[in-house]
Amino acid sequence: MATPKSRPRDGYPGRALALILVVTVALVALMFGTGHRTPRLGIDLAGGTSITLTASSKDKNAINQSNMDIAVGIIQKRVNAFGVSEAEVQTQGNNNIIVNIPKGTNSQQAAEQVGTTAKLYFRPVLALAPTGVQVPPASPSANPSGSASPSGSASPSGSASPSASGSASASAGGSASPSASATKAGRAVSDALKAADPSAAATGSGSAAPSAAASGSAAASAPALPPVPTTPTEGTVPPELQQQFAALDCSQAGQRQDYQTDETKNAVACSYDAEQKIWYKFALGPVAVKGADVSKAQAGYDTQRAQGWEVQLTFNDKGSKDFATTTGTLAGMQAPANQFAIVLDGKVVSHPYVQQSITGGNAVISGSFTQEQASSLANVLSYGALPLDFTKSDVTTVSAALGGDQLHAGLLAGAIGLALVVLYSLVYYRGLGLVSIAGLVVSAILTYSIMTLLGASIGFALDLPAVCGAIVAIGITADSFIVYFERIRDEVREGAQLRPAVQRAWPRARRTILVSDFVSFLCAAVLYVVSVGKVQGFAFTLGLTTLLDVVVIFLFTKPLITLLARRKFFANGHPWSGLDPKRLGARPPLRSSRRRSTTSAAVKEA
Amino acid sequence: MSRFSNLGHRLYQGEVSFDFVGRRKLWYSISGVIALVAIVGLSTVGLHLGIEFKGGSVYTVAKPGLTVSQAQDDINKIIGDSTSQVQSTGDGKIRIQVSAQEKASSDAVVKQLSSDLDVPAANIDAQVVGPSWGHEISQKALLGLVIFMVLVTAYLAIAFEWRMALAALVALIHDLVITIGVYAVVGFEVSPGTVIGFLTILGYSLYDTVVVFDTVKENTKDLEKQNKRTYSEAANAGLNQTLVRSLNTTVVALLPVAALLFIGGGLLGAGTLNDISLALFIGLSAGAYSSICVATPLLAQLKEQTPQMRALAKRVAQRRAADAKAAAAVGSTADAVEEQADEAVEDSVAAAGMVGQRNQPVSRARGKGRPSGKR
């Protein structure tokens, strides 16, 4: 510390104190001025749902920053689409996305959506069969044919649906009653658009009918019985899938996983029919259209046919082309191969059948949707094209009440910890203890106001581990005082007067404090950068308080002690000052005659 | 209290001195035994991993008067078997842990619990974790640990010297092994909170060690220019001087952690607060012990291997032999006794822990003992 000659030996403690006072007051004023008086609480304290999604991919390189950013954007949109305000979506570490949804409207629904939604494909259906129920071996082929009669009613519904596409074309009239059976037939009936050709639709629907019947018949034919469909596998399972298809039992939760490993190959999938309460399994062709090519999907109410809620899709150029080609092919197929499965996370959410090539980039999925179901499917379709697979690694739902309990316990623990430290320093350091208490108070005010302001500016949220970090930091802050105090006392023991002792102790204490605080800060910084989840909040708090510790000891404690050393109470070593040379066992200076011997010199010899 | 602060000054003056460095074999064997128990415990019993590592869900139900058996009956009914763990958390809440094998969706369970137990769904907290989450956190923690160790070792090697960095690193690993060992042997549950606790030990353990090393470094600065004491003795003196400080810093660090452990944990039962503070409490205690009894003795041992320090040790030994001879030859005269009193104080700082050295009139002997007899 090269100091100009004019400067007093112990610097200008008043200036440093004034500086930190101004800073503290400014921060507190800013806090009140901006109206953010409490730190933003994390989900685990405020209540809400916190979801940690972990990306996984066959291709390790696919998990990169840009893909993660895309996923965050998509999830963000999706969560917000549910009207959840202040939902927080951010990446953590290399391959995690944290979604924090505060307690509120739709949080539950949003939480489900965020997690369940990852990848969306349109795949042609090759075959389907009910699963998880005893399929009577002797189910005659007559049965499906029996279902042909409901199919008769289904087919007009096919012709009806083109009208849904918006062109108020003729066929709307006949649609109303048959549509009921169509909706019953499955979740959805998709259909053609703008230039819909009613006559083509009529013929197309003719061929499509059995497929609708397939599921419809089950419900219709055996309503009294437990829902045991008697239909065997429909369609042709490709040879390479046969074994897998036969073995798949979708009623077993463990088997309902994502089998969509390769977009260019056939795959199997499960689907739940909520109306019949049974599971279906599907054999699906290669991906025809990717969810990424859906540019827009929205839920709309079909006013024309009063058929209920539906989902209107718009594709981008590539999607339109693929969709037109595929629907063209599918339309000519025999049921069930004329269906288009919408596969989400390996699960078939809807499998509308196709009546003709759908060009123009628009399509409608209709069915017996409630408004909620329709908007949720639309939401999934619009934002469903995540570039990566995500698994929910951690989902925590905390009610505000319980979070509040934890916060209270944490604060109580902090208060008691603080009280114990205060008590200990008062008993051990007496007058100096007051200085350390003042330092702790300044530190606490700074920590609190900075946390509050960070909450408002960068969205720092105080979670439970962060509270822990703050409590633990009481110890770190007090440590620095102890290091300095002990140095001063060492000097006093050596026989120095208090004022020079305070000055001489400082450079040595400063070095120790800086080195050890650097180690603490390094630890916090490394943890913050590398870690995930709860660890990060903790590391952040620890790092912040370590920095503040340095600020407080340099700008507050040291100047304050310098000032106090000029006061008689301390300088003369009053027994309650904590710097009583007698009590410290100071001895007269022996080696250096330059040091003036203190009043207590004689005491030691006695 | 006054006796304690008195101890502080007596330690500082060297009137009371604990020979930490000299008894290093004792400390090493104590640490060795603890570490061995820890490793055996770790390899035989293993860690009791929390739900974050196994996967599953935890439901916390807040309802006054709800008993564990009621909750157990109900959850058994909901999931259809009796594999779930139900416990009371100590604050009147019931904690239900369901393993990942149960595929019942958490919403369904919450709904069912809510209606069966007549609790508003808002009073039920649910946590669902995948089986890999704990490993994910641990892996990141381990990565952080390795990066931190490399960086801090490099830093200490530059700020101090490589031997200190090495000794600090050994002490750090020692603390971690002991803490993890305690977890294995006692069977505390390891959760991500525990991992946070482990990680914090890193910073703290080194903090403590750094404070001690700083004094040791200062005490041994111009060591080669004298021949009164060896490195080990100087290091031990530094250790004793900072003993009160080390104890104080440890006590002050432990107080909030203890509050967290006993008050926070006692009120809430199992939870993040408890997990972090338990690991910290064990780790901090181990850290205080290791910085005094492992890091510094090890440092002294490493330093004594260097040629300079060996030479110093030799010179000190020679000098002491000479002193002893001189003392025996001369005996004590009246004025020697008076001077001795002064010298003793000074010397006792120098040769802290070397009881028996105090009574040798060092500087006087230097003159008298000189064979050439220049006077």
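Reading the values: the criteria
- Residues numbered from 1 in each chain as written.
- Chains lettered and ligands numbered in written order.
- Predicted model: local features only at pLDDT ≥ 70, side-chain atom pairs only at ≥ 80, totals over all residues.
- Heavy atoms only, no water.
- Helix = DSSP H or I, 4+ residues; strand = E, 2+ residues; numbered from the N terminus.
- Buried < 20%, exposed > 50% of the residue type's maximum accessible area, 1.4 Å probe, protein only.
- Contact = heavy atoms within 4.5 Å.
- Areas by Shrake-Rupley, 256 points an atom, 1.4 Å probe, with all protein chains shown as cover.
- Buried area = accessible area lost by both parts, 1.4 Å probe.
- Salt bridge = Lys/Arg side-chain N within 4 Å of Asp/Glu carboxyl O.
- Pairing = 2+ DSSP bridges.
- Axes fitted to C-alpha atoms, helices over the stretch in contact; angles between N-to-C directions.
- Disulfide = S-S within 2.5 Å.
- Phe/Tyr/Trp six-rings, centres within 6.5 Å; stacked < 30°, edge-to-face > 60°.
- Lys NZ or Arg CZ within 6 Å of the ring centre and 35° of its normal.
- Core = buried A, V, L, I, M, F, W, Y, C linked by side-chain atoms within 4.5 Å.
- UniProt positions renumbered as here; feature names shortened; annotations may be inferred.
- Expected span 1.5 Å × (residues − 1).
- pLDDT = per-residue confidence, 0-100.
- Patch = residues over 30% accessible without salt bridge, like charges linked within 9 Å, V, L, I, M, F, W, Y side chains within 5 Å.
- Left-handed = near helix turned anticlockwise from the far one by under 90°.
- Nonpolar A, V, L, I, M, F, W, Y, C, P; charged D, E, K, R; others polar.

Our focus in this paragraph is the overall build of chain A. When its secondary structure is counted, chain A shows 19 helices and 15 strands. Counting every position in chain A, which comprises 606 residues, the buried fraction comes to 56%. The long-range fraction of contacts in chain A, counting pairs at least 24 apart against all pairs at least 6 apart in sequence, stands at 76%. For chain A, the accessible surface area stands at approximately 24,700 Å², while carbon and sulfur atoms represent 59% of it.

On to the interface of chain A and chain B. Chain A puts 79 residues into the contact, and the matching count from chain B is 72 residues. In this assembly, chain A packs against chain B so that about 6,900 Å² is buried in total across both faces, 67% of it on carbon and sulfur atoms. Scanning the region where chain A abuts chain B turns up 5 salt bridges. The partner of A:Arg508 in a salt bridge is B:Glu218, and the shortest N-O contact between them spans 2.2 Å.

Across the sheet, 8 strands lie side by side as β2(A)-β3(A)-β1(A)-β15(A)-β5(B)-β2(B)-β4(B)-β3(B); this open sheet has antiparallel pairing. The sheet is open, and its two borders are formed by β2 (88-92) of chain A together with β3 (85-88) of chain B, each paired with just one other strand. Sheet twist, expressed as the mean angle between neighbouring strand axes with direction ignored, is 20°. In this sheet, strand β15 (residues 389-398) of chain A lies alongside strand β1 (residues 48-56) of chain A in antiparallel orientation, the contact comprising 9 bridges. Counted as the bridge partner of A:Ile51 is A:Val395 from β15(A).

So, on to the pattern of salt bridges. Taken as a whole and judged by the stated rule, the model has 12 salt bridges over all chains. Among the salt bridges present, the one from B:Glu161 reaches B:Lys303, with a minimum N-O distance of 3.0 Å. Of the two residues, B:Glu161 is situated in the loop between α6 (133-159) and α7 (162-186) and B:Lys303 in helix α11 (residues 272-304); the sequence distance between them amounts to 142 residues. Assigned by exposure class, B:Glu161 and B:Lys303 land together as buried. Put simply, A:Arg487, A:Glu491, A:Arg504, A:Arg508, A:Arg511, B:Asp214 and B:Glu218 are held in one network by salt bridges that share partners.

Let us look at the state of the cysteines. One covalent bond between the sulfur atoms of two cysteine residues makes up a disulfide. All names here are of chain A. The final tally for this structure, using the stated rule, is 1 disulfide over all chains. A sulfur-sulfur distance of 1.9 Å marks the disulfide that ties Cys250 to Cys270. Of note, the bridge from Cys250 to Cys270 carries an S-S torsion of about -80° and is left-handed in sense. Remark: Cys270 occurs in strand β7 (residues 267-273) and Cys250 occurs in the loop between α9 (239-247) and β7; sequence separation between them is 20 residues. Residues Cys250 and Cys270 agree in their burial class; the two are buried.

Aromatic ring pairs are reported here in terms of the distance separating the ring centres and the angle at which the planes meet. Residue and element names in this part refer to chain A. Enumeration over the complete set of coordinates arrives at 18 aromatic pairs over all chains. Judged by centre distance (5.6 Å) and plane angle (70°), the rings of Phe122 and Phe340 are edge-to-face. With Phe122 in strand β4 (residues 120-131) and Phe340 in strand β12 (residues 340-344), the pair connects residues that are 218 residues apart, well separated along the chain. Relative accessible area serves as the criterion here: at 3%, Phe340 is assigned to the buried category. Ring centres 5.2 Å apart and planes at 10° place the aromatic pair Phe323 and Phe340 in the stacked group. With Phe323 in helix α10 (residues 317-331) and Phe340 in strand β12, this residue pair connects regions lying 17 residues apart in the sequence. Residue classification places Phe323 among the buried residues on the basis of a relative accessible area of 3%. Every member of this aromatic cluster is reached through a ring pair, and the members are Tyr424, Tyr428, Tyr429, Phe481 and Phe485. Positioned above the aromatic ring of Phe245, the side-chain terminus of Lys281 is 5.1 Å from the ring centre.

Quick look at the environment of A:Val441 now. For A:Val441, the position within the fold is in helix α13 (residues 431-457). Along the chain, A:Val441 and A:Leu418 lie 23 residues apart, while their C-alpha atoms are 9.9 Å from each other.

Right, let's talk about the nonpolar core for a bit. Counting residues in each nonpolar core, the largest one holds 139 residues, and the members touching the most others are A:Tyr484, A:Ile488, A:Ile561, B:Phe148, B:Leu202, B:Leu206 and B:Tyr231. Ranked by residues supplied to this core, first place goes to helix α14 (residues 464-493) of chain A with 16 residues. The contacts of B:Phe148, once residues within four sequence positions are left out, are A:Val519, A:Leu522, A:Cys523, A:Val526, B:Leu202, B:Gly203 and B:Leu206. Counting residues in hydrophobic clusters, the runner-up holds 25 residues, among them A:Val289, A:Ala297, A:Leu313 and A:Ala374.

The subject of this paragraph is the UniProt feature "transmembrane region" (unreviewed entry) in chain B. Residue and element names in this part refer to chain B. Per the UniProt record, the feature "transmembrane region" (unreviewed entry) sits at residues 26-51, 141-158, 165-188, 194-216, 251-270 and 276-300. Structurally, residues 141-158 is divided into 100% helix and 0% strand, and its ends, taken at the C-alpha atoms, are 25 Å apart. Between the C-alpha atoms that bound residues 194-216 there is a distance of 33 Å. The span itself is 100% helix and 0% strand.

The terminal C-alpha atoms of α6(B) lie 38 Å apart, and with 27 residues this matches the ideal 39 Å at 1.5 Å per residue to within 8%. Buried within α6(B) we find B:Trp133, B:Gly134, B:Glu136, B:Ile137, B:Lys140, B:Ala141, B:Gly144, B:Leu145, B:Phe148, B:Met149, B:Val152 and B:Leu156.

Residues and elements named next belong to chain A. When pLDDT is averaged across chain A, the result is 71; 68% of the residues are at 70 or more. Under a pLDDT of 50 for its full length, residues 135-230 has, in the predicted model, 143 contacts with residues more than four places off or in other chains. Note on residues 589-606: pLDDT under 50 across the span, and 23 contacts to partners over four residues away in sequence or across chains.

Residue and element names in this part refer to chain B. Together, Val33, Val37, Val185 and Val186 line one region of the surface with nonpolar side chains, adding up to about 340 Å² of accessible area. At the level of secondary structure, the elements contributing two or more residues to the nonpolar patch comprise α2 (24-44) and α7. With respect to the helices, strands and loops of the structure, Val185 is situated in helix α7. Overall, Val185 belongs to the partly exposed group, its relative accessible area being 46%.

In the contact formed by helix α16 (residues 534-565) of chain A and helix α8 (residues 192-219) of chain B, the axes pass within 10 Å of each other and the chain directions differ by 30°. Crossing handedness for the pair α16(A) and α8(B): right-handed. Between α16(A), through A:Lys534, A:Val535, A:Phe538 and A:Leu542, and α8(B), the contact on the second element is made entirely by B:Ile196, B:Leu199 and B:Thr200. Taken together, the residues of the contact of α16(A) with α8(B) break down into 5 nonpolar, 1 polar and 1 charged.

Turning our attention to the environment of A:Val472. The topology assignment puts A:Val472 in helix α14. When its relative accessible area of 0% is taken as the criterion, A:Val472 is described as buried. Counting along the chain gives 58 residues from A:Val472 to A:Gly414, while the straight-line C-alpha distance between them is 8.6 Å. Filtering out sequence-adjacent residues up to four positions away, A:Val472 remains in contact with A:Leu542, B:Thr200, B:Tyr204, B:Val257 and B:Leu280.

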